[in-house]
Structure formats: C-alpha cells, structure tokens
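Chain and residue survey
Each chain is listed here by its residues.
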Amino acid sequence: MSSSANNGRALPRAGSALPRAALPRAGSTLPWALVTPALGWTLLFFVLPFIAMGFSSLTAHEGGGFTASNYSQFFTNPSYWQAMVNSLQVTAIVTVISVLLAYPFAWILAEQVPERWQRLALMLAVLPFWTSYVVRSYSWLLVLAQNGVVNRALTGSGLFSEPLQLANTRFATVTGFVHFFVMLLTLTIFANLKQLSPSYRKAAADLGAGPVRTFLHVVLPLTLPGIMVGAFLTFVLCIGDYITPQILGGNNELLMPQLVMMQIGRRGDFPLASALSIILMAVVTSAYLACARWLKIERA
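Residues numbered from 1 in each chain as written. Predicted model: local features only at pLDDT ≥ 70, side-chain atom pairs only at ≥ 80, totals over all residues. Heavy atoms only, no water.

Describing the overall build of the chain
Looking only at helices and strands, the chain features 13 helices and 0 strands. Helices (α) and strands (β) of the chain occur, in sequence order from the N terminus, as α-α-α-α-α-α-α-α-α-α-α-α-α. A burial count over the chain gives 33% of its 300 residues as buried. Across the chain, the fraction of contacts at a sequence separation of at least 24, relative to all contacts at a separation of at least 6, is 70%. On the chain, roughly 19100 Å² of surface is accessible, and the fraction owed to carbon and sulfur atoms is 67%. (Helix = DSSP H or I, 4+ residues; strand = E, 2+ residues; numbered from the N terminus. Buried < 20%, exposed > 50% of the residue type's maximum accessible area, 1.4 Å probe, protein only. Contact = heavy atoms within 4.5 Å. Areas by Shrake-Rupley, 256 points an atom, 1.4 Å probe, with all protein chains shown as cover.)

Written out as structure tokens, the structure is:
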C-alpha cells in the first residue's frame, strides 16, 4: 500500500545519506555564484581600500618614493604615542564599567522579568540605539555642563559650593561611551543567559552548591563567551570612535581617531594618517587574537 502510494519508490531512512542527485556536483558553479556578491563587496569596500591605504602609508607626504618614516614618527613622537595610551586607557575603562553594569542588568531581564514582559523590557533597553549618536553626545554635554542637571543637583544638595568641571573631560567621554555600550553588552549577555539550560543549575544544586558557587563555577563560565563578544565589540567601536571624544572631551585629551583626523584636516598628510590608521587596526587585531579563544564559533 505504501509502496504504491510512493510510486514504488522507498523513502530514505532517517539518518541515511541524501541521494547523490540531491548533492551539488564537484564542478558545480552554484556555490561560487552564491558567495560572489559577498566576495565582491568585501573586495571592493575593504580589501582594495586597505591595500591603497597600505601603499599610502609607505609614501612621503611631499613625494619622493617609498619610506617608513610615517611609522617611525609614531614611535618617536611622544604626543602620538600618548594618544594611543589615552585611547587604550579610555577604552579599557569603558569596557570594564560597561561589563560590570550590563551583566546585572542582563541577568535581571533574563531571570527576574516575567517571560511575557521581556520583549517590552528589551525594547525599552535598546531605546538609546534609536537616537542619533551625535544627539546623544550633545545631550550628555548639556547634562554635564556647569549649569546642567548634575551640577545643579550637586550644588543644590549642598555637597559642593561651586559647579564641577564635568564636561570637556575624560569623565564626560567615558560617561557618553558607557551610556551607549551598556545596552550593546546587555543584549549579548542576555542572549547567552537565555540559552543557558536550567538543568546546569539544578545539577549544581544537587551536588550541594549554593547560589554564589553556582554562579561563579557554572553560570559565569558558561556565559563568558557572551561577555567576551560584547566586550570585544565595545573595544572595537570605542577605540575607533571620533564623535564622542570630540564633543564630550572638548579637545582636552588627544585620542587616536582625533590624531588621525588632525593629520587629514589640518595638515593634509594622508600618508601619516594612513600609517596611524594601520597601527590602530593592528591594535584591534591584537585584541581580537587575545580574545579569539572565546570568540570562536563552535561547530558540531
């Protein structure tokens, strides 16, 4: 009966290999046709510009052939080296503070908020992404100004007799960055927490582990990939950002993106700007290699 219903052909067993006709042939061009648009986009907008920037970084500003002086200037000029140190310090502070604030927030969303309200809570959490990056930066500048909300609250409460210098400082830059990146880290950690099976905690409780030990030895190690992914994204976006330090920092502290833009806008020195950009990219690559252990995608 079943053979007649299937026109005399037996159905493949579960777990059996697909028929040869269903698999792409060895010489088939279909896989290449599918990936060609992505490869072309990457080649046109990343590989070729990067090669051009690499050649430009090895040329002199006033012509004269290839030279490595652009790279040597970075190591011999104290202000250039200090700009990199400032960028790394600000990025490290922002990343650490963002992780410390995002993890409890993500845990509350994943564990304490009822399932039916979690979508609404996530939507409210990502509201800062709906606002322009420039608008957010100028908003924080107004909040931290001498006549802003923060200084009015501090002087009105009697804690300080005079307004504090909060705007145009590293504190303002870090505050603006943290406001944005906490939400990014919250999303990555929240996704990891939701994927964590409750059976792990039940097994730890059966073995006599309390809530603190369960968190330190079970939950935290299993959610570490989500933390590292969010931290790496924070590092990449923060160290290469120009808008927030320019608006909130007030040019009182030189960071690498501002140094690069200074070479282009004031001096028109594109070779030196290219060299500084490649050095910055090398730092980001080093950070990726350091985090690669947690950033790998596991394959079955």
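More follows now that the structure is in view.
With respect to the pattern of salt bridges
Side chains that carry opposite charge are capable of pairing whenever their charged atoms lie near each other. Applying the stated criterion across every chain, the model contains 4 salt bridges. One salt bridge connects Glu115 with Lys194, and the closest N-O pair in it is separated by 3.2 Å. One end of the pair, Glu115, is in helix α5 (residues 115-125); the other, Lys194, is in helix α8 (residues 170-195), and 79 residues separate them in sequence. Take Lys194: its relative accessible area is 35%, and that puts it in the partly exposed class. The partner of Asp269 in a salt bridge is Arg267, and the shortest N-O contact between them spans 3.7 Å. By relative accessible area, which is 3% here, Asp269 ends up buried. Residue Arg267 is classed as partly exposed on the basis of its relative accessible area of 44%. (Salt bridge = Lys/Arg side-chain N within 4 Å of Asp/Glu carboxyl O.)

Comments concerning unusual backbone geometry
For Asn168, which is not a glycine, the phi torsion comes out positive at approximately 60°. Checked against the element boundaries, Asn168 lands in the loop between α7 (149-156) and α8. Taking relative accessible area as the criterion, Asn168 reaches 30% and is therefore assigned partly exposed.

Quick notes on the packing of α5 against α8
Contact geometry of α5 with α8 gives a least axis separation of 11 Å together with a crossing angle of 160°. Classified by the interaxial angle, the pair formed by α5 and α8 is roughly antiparallel. The two elements α5 and α8 cross, and the hand of that crossing is left-handed. Of α8, the residues touching α5 (which contributes Glu115, Gln118, Leu122 and Ala125) are Met183, Leu187, Phe190 and Lys194. Among the residues forming the contact of α5 with α8, the class breakdown is 5 nonpolar, 1 polar and 2 charged. (Axes fitted to C-alpha atoms, helices over the stretch in contact; angles between N-to-C directions. Parallel < 35°, antiparallel > 145°, perpendicular 65-115°, else oblique. Left-handed = near helix turned anticlockwise from the far one by under 90°. Nonpolar A, V, L, I, M, F, W, Y, C, P; charged D, E, K, R; others polar.)

Some words on the packing of helix α4 (residues 78-112) against α8
Closest axis-to-axis distance for the α4/α8 pair is 6 Å, and the angle between their directions is 45°. In terms of orientation, α4 lies oblique with respect to α8. Seen along the crossing, α4 lies across α8 with a hand that is right-handed. When the residues that make up the contact of α4 with α8 are grouped by side-chain class, the tally is 23 nonpolar, 6 polar and 2 charged.

Considering the layout of surface pockets
Its boundaries defined by the atoms lining it, the second largest pocket holds a volume of some 160 Å³. If you go around the second largest pocket, the residues you meet are Tyr242, Gln246, Asn251, Glu253, Leu254, Gln258, Met261, Met262 and Arg266. The dominant element in the lining of the second largest pocket, judged by the number of residues it contributes, is helix α12 (residues 256-267), at 4 residues. Among the residues making up the lining of the second largest pocket, the classes are represented as 4 nonpolar, 3 polar and 2 charged. (1 Å grid on protein atoms, 1.4 Å probe; cavity = no way out; pocket = protein on both sides within 12 Å on 5 of 7 lines; lining within 4 Å. Points joined across faces, edges and corners; volume = space filled by probe spheres on them.)

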